[in-house]
Amino acid sequence: QRAEYRHAAEIWAEHAVRKWIKIRGSTAAKRKLVEDEFVRLNVRDTFQEWMNHDQVFGRGQIFLDFDDADKDAELGVELRVDPAKISAKRPLKRLTVVEPMWSSPGTYATNNPLRHDFYKPQQWCVYGRRVHTSRMLTIVSRPVSDMLKPAYAFGGQSLVQLMKPYVDNWLRTRQAVSDLLNNFS
């Protein structure tokens, strides 16, 4: 709620998409199609909000919606590059940023640190719905050790958490200067 925290996270997210990207391809027509899709899906603003959540909460997530948001059976299935899952007949409808407070890790392997999926969620529980991890783009810019992942809901340290001592010092100093001036006036 404090502007001192919020502003820093917003600046970080804004700079992450400031220069944005250039689409390159074989023909101008193909580039235009991709650029138009980026506009339709509002990709730049979505990525900025995604980065902001990573800075504020320690984890950011985007749900890839192929018109499956209300289909519980389909949400739990891996999203593959397959005409039955992704095609011109079944395009990506929208990108939805999901605040980390609405999602928590579902199943993840904890019994063998040699496995490729050790402490990596295979599913996310999004407000009671099981969603396969392939449908949730997840970013954690400051990961914690495996032992701490459950305590951080499989996120990482947030910028807000790292800033707290500095913001507290600033607020205390600002108040002290105000009190000093008030006493002399």
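Higher on the page you've got the structure.
All values derive from a computational prediction rather than experimental measurement.

(A) Main features of the pattern of salt bridges. For the structure on display, the rule yields 17 salt bridges. Among the salt bridges present, the one from Glu10 reaches Arg6, with a minimum N-O distance of 3.1 Å. With Glu10 and Arg6 both in helix H1 (residues 3–16) and 4 residues apart, this pair spans about one turn of that helix. In this structure, the salt-bridge partner of Asp146 is Lys149, at a minimum N-O distance of 2.9 Å.

(B) Structural detail: helix H3 (residues 43–57). Over its 15 residues, H3 runs 21 Å from end to end, which matches the ideal 21 Å to within 8%, given 1.5 Å per residue. Those residues of H3 not exposed but buried are Val43, Thr46, Trp50, Met51, Asn52, His53, Asp54 and Gln55. Following H3 by one or two positions, Gly58 adopts a phi angle in the positive range, close to 90°.

(C) Representation of the environment of Ile11. With respect to the helices and strands, the residue Ile11 is situated in helix H1. For the pair formed by Ile11 and Pro91, sequence separation is 80 residues and the distance between their alpha carbons is 32 Å.

(D) Representation of the sheet that holds strand S2 (residues 94–98). If you trace the 3 strands from one edge of the open sheet to the other, you get S2-S1-S6, paired in antiparallel fashion. Either end of the sheet is taken by a strand with one partner, and the two such strands are S2 and strand S6 (136–139). Neighbour to neighbour, the strand axes of the sheet diverge by 25° on average, direction disregarded. Strand direction decides the pairing type here: strand S1 (residues 60–65) and S2, joined by 5 bridges, are antiparallel. If you follow Asp65 over to S2, its bridge partner there is Arg94.

(E) Region of interest: the pairing of S1. A large share of S1 lies buried, amounting to 6 of its 6 residues. Covered by surrounding structure in S1 are Gly60, Ile62 and Leu64 together with Gln61, Phe63 and Asp65, the residues of both alternating faces. With 4 bridges joining them, S1 and S6 adopt antiparallel strand pairing. Note that in S6 the partner of Gln61 across the bridge is Thr138.

About the thresholds
- Residues numbered from 1 in each chain as written.
- Predicted model: local features only at pLDDT ≥ 70, side-chain atom pairs only at ≥ 80, totals over all residues.
- Heavy atoms only, no water.
- Salt bridge = Lys/Arg side-chain N within 4 Å of Asp/Glu carboxyl O.
- Helix = DSSP H or I, 4+ residues; strand = E, 2+ residues; numbered from the N terminus.
- Expected span 1.5 Å × (residues − 1).
- Buried < 20%, exposed > 50% of the residue type's maximum accessible area, 1.4 Å probe, protein only.
- Pairing = 2+ DSSP bridges.
- Axes fitted to C-alpha atoms, helices over the stretch in contact; angles between N-to-C directions.

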